[in-house]
Amino acid sequence: PPCWENIVPGLTDRQEAEQVLVNIPEIGKVDVVDVIPYGPILRWNHGNIIFDDNNVVQEIELKVAFLNLTLEELVNIYGFPKHVVFREWSGGTDISVDLLYPELGLVFGLFLDASNQVPDPEAVILNPSDEIWHIYFYDTSMEYYYSIIQQPQRQYDWKGYATYP
């Protein structure tokens, strides 16, 4: 199953997750923040863990923009994603892109400046040099991902570094 530091979405409970985070020196201070509509979230400088009503991990988010990871680097490690999901962000000035690996319960997230895209407002260009901002872990059903994704969404099968749709 997908996991990060032995925290497994769909299996690990909040108490176990807190114990793991406390034992990772690089994590530093961990806060419990109540965020609507999610409920209590464990939050630290470079990540969040979201739980369901039974205090079981549903999502692990790692904020990795500071690492300067590129799409190409992660594709070289994990292979090509199965799906690409596009959403507008920040009032249409940015495009949020999620690269889905459902069989791994893994999503890579990046943001593209809409002004640098092709003139067609429905088209998005993916390049190997695009930087990854977030890495998310879910259980492999991806049920939680699809339940919280912001609308509108456009999902396509991966067709390579190309212009979508």
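Above: the structure in question.
With respect to the overall build of the protein
Counting its regular elements, the protein contains three helices and eleven strands. Walking the protein from its N terminus toward its C terminus, one meets helices and strands in the order α-β-β-β-β-α-β-β-β-β-β-α-β-β. Buried residues in the protein amount to 43% of all 165 residues. Partitioning the intrachain contacts of the protein with sequence separation of at least 6 by distance along the chain shows that 53% fall at a separation of at least 24.

Some details on the pattern of salt bridges
All told, the structure shown has two salt bridges when counted by the stated rule. The residue E18 makes a salt bridge to R14 at a minimum N-O spacing of 3.4 Å. In this pair, E18 and R14 both sit in helix 1 (residues 14-22), four residues apart, roughly one turn of the helix. Classification of E18 by relative accessible area gives partly exposed; the value is 28%. Relative accessible area serves as the criterion here: at 22%, R14 is assigned to the partly exposed category. Here K29 ties to D31 by a salt bridge, and the two come within 2.4 Å at their closest N and O atoms. A relative accessible area of 33% places D31 in the partly exposed class.

Side note on the environment of I125
Structurally, I125 is set in strand 8 (residues 124-125). Take I125: its relative accessible area is 21%, and that puts it in the partly exposed class. Separated by 38 residues in the primary sequence, I125 and T163 place their C-alpha atoms 4.2 Å from one another.

A few points about unusual backbone geometry
Excluding glycine, residues mostly carry a negative phi; peptide bonds, for their part, are mostly trans. Cis peptide bonds are those with omega within 30 degrees of zero, and the linkage from Y164 to P165 qualifies with 5°. Within the chain, N55 stands out as a residue other than glycine whose phi angle is a positive 60°. Following the sequence through the fold, N55 ends up in the loop between strand 3 (47-51) and strand 4 (57-63). A positive phi angle is found at N68, which is not glycine, with a value near 55°. Among the secondary structure elements, N68 is positioned in the loop between strand 4 and helix 2 (71-78).

Reading guide: rules and limits
- Residues numbered from 1 in each chain as written.
- Predicted model: local features only at pLDDT ≥ 70, side-chain atom pairs only at ≥ 80, totals over all residues.
- Heavy atoms only, no water.
- Helix = DSSP H or I, 4+ residues; strand = E, 2+ residues; numbered from the N terminus.
- Buried < 20%, exposed > 50% of the residue type's maximum accessible area, 1.4 Å probe, protein only.
- Contact = heavy atoms within 4.5 Å.
- Salt bridge = Lys/Arg side-chain N within 4 Å of Asp/Glu carboxyl O.

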